[in-house]
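# Working through the structure, step by step
Each chain is listed here by its residues.
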Amino acid sequence: KVSFDTNLRLRLWPAARAAATMHAAIGMSDLALPSFEDATALTGLTDPDAILRFYLGLAPMVVLKLGAEGAIAATRERSWRIPGIAVQAKDATGAGATPCPPGDIGV
């Protein structure tokens, strides 16, 4: 099984090129894992159901990550909501957060 997490970084490449490359890769995957923010940037869609439909056209299963609101998982047959879990972060290093200032090792 192959999963693809979009993890979009627009500072690294133009949106159109990122979308074309990522969508081709998702088309070869079993599971797409876009965040809502990445999906809106890559597709131009803002409705979660429309985003799920788009990605289900590429992969048989999608988990649309909604941050603190949890996620929506979907297959072509059904979808279900996964509630978010409130946590108190101790250290966001390596969790997709803004990089640490120079000289700060994130401890």
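The rules behind these values
The residue numbers shown here count from 1 along each chain, following its written sequence. Given that this is a predicted model, residues contribute local features only at a pLDDT of at least 70 and side-chain atom pairs are listed and counted only at 80 or more, while totals for whole chains, interfaces and linings are drawn from all residues. Values reported for side chains reflect all heavy atoms of the structure, with hydrogen atoms and water molecules removed beforehand. Confidence per residue, as judged by the predictor, is encoded in pLDDT with a range of 0 to 100. Note on contacts: a residue pair is in contact if any heavy atoms of the two residues lie within 4.5 Å. As used in this record, nonpolar core signifies buried Ala, Val, Leu, Ile, Met, Phe, Trp, Tyr and Cys residues forming a set joined through side-chain atoms within 4.5 Å. To sort residues, take the accessible area from a 1.4 Å probe on protein chains only and compare it with the maximum for the residue type: under 20% means buried, over 50% means exposed, and anything in between is partly exposed. Comment: elements are numbered from the N terminus, with helices defined as DSSP H or I runs of at least four residues and strands as E runs of at least two. Ring pairs are drawn from Phe, Tyr and Trp, using the six-membered ring of Trp, whenever the two centres fall within 6.5 Å, and their geometry is named by plane angle: stacked under 30 degrees, edge-to-face over 60, tilted for the rest. Think of it as a cone above the ring: NZ of Lys or CZ of Arg counts as a charge over the ring if it is within 6 Å of the ring centre and within 35 degrees of the ring normal. Every axis corresponds to a line fitted to the C-alpha atoms, with the helix fit spanning only the stretch in contact, and the corresponding angles, defined between N-to-C directions, vary from 0 to 180 degrees. Angles are sorted into four bins: roughly parallel if under 35 degrees, roughly antiparallel if over 145, roughly perpendicular if 65 to 115, and oblique for all others. Each helix crossing is assigned a hand: it is left-handed if the near helix lies turned anticlockwise from the far helix by less than a right angle, otherwise right-handed if that turn is clockwise. For this scheme, ten residues count as nonpolar: Ala, Val, Leu, Ile, Met, Phe, Trp, Tyr, Cys and Pro. Four count as charged, namely Asp, Glu, Lys and Arg, and the remainder, Gly too, count as polar.

Caution applies to low-pLDDT regions: their predicted coordinates should not be interpreted in detail. The predicted model of the protein has a mean per-residue pLDDT of 89, with 87% of residues at 70 or higher. Overall, residues 100–107 carries pLDDT values under 50, and its contacts beyond four positions in sequence, including any with other chains, amount to 5 contacts.

A few words now on the nonpolar core. The biggest cluster of nonpolar side chains holds 18 residues, and the ones touching the most others in it are Leu 42, Leu 52, Tyr 55, Val 62 and Leu 64. Residue assignment for this core shows that the elements contributing at least two residues are helix 1 (15–26), helix 2 (36–43), helix 3 (48–56), strand 3 (61–65) and strand 4 (71–75). If we skip the residues at most four places from it in the chain, Leu 64 touches Pro 34, Ser 35, Phe 36, Ala 39, Pro 48, Ile 51, Leu 52, Gly 70, Ala 71 and Ile 72.

Attention now goes to the side chain of His 23. Its location among the elements puts His 23 in helix 1. Contacts of His 23, omitting those with residues within four sequence positions, involve Leu 42, Thr 43, Phe 54, Tyr 55 and Leu 58.

Further remarks concern the packing of aromatic side chains. Counted by the stated rule, this structure contains 1 aromatic pair. Arranged with centres 5.0 Å apart and planes meeting at 85°, the rings of Phe 54 and Tyr 55 form a pair that is edge-to-face. Cation over ring: Arg 78 sits above Trp 80, and NZ or CZ is 4.2 Å from the ring centre.

Another aspect to go through is helix 3. What helix 3 keeps buried is the set Ala 50, Ile 51, Leu 52, Tyr 55 and Leu 56. Considering only its buried residues, helix 3 is in contact with helix 1, helix 2, strand 3 and strand 4.

Time to look at the packing of helix 2 against helix 3. The interhelical angle for the contact between helix 2 and helix 3, taken along N-to-C directions, is 70°, at an axis separation of 11 Å. By the angle class used here, helix 2 and helix 3 are roughly perpendicular. Classified by chirality, the crossing of helix 3 by helix 2 is left-handed. Where helix 2 approaches helix 3, its residues Phe 36, Ala 39, Thr 40, Leu 42 and Thr 43 are matched on the opposing element by Pro 48, Ile 51, Phe 54 and Tyr 55. When the residues that make up the contact of helix 2 with helix 3 are grouped by side-chain class, the tally is 7 nonpolar, 2 polar and no charged.

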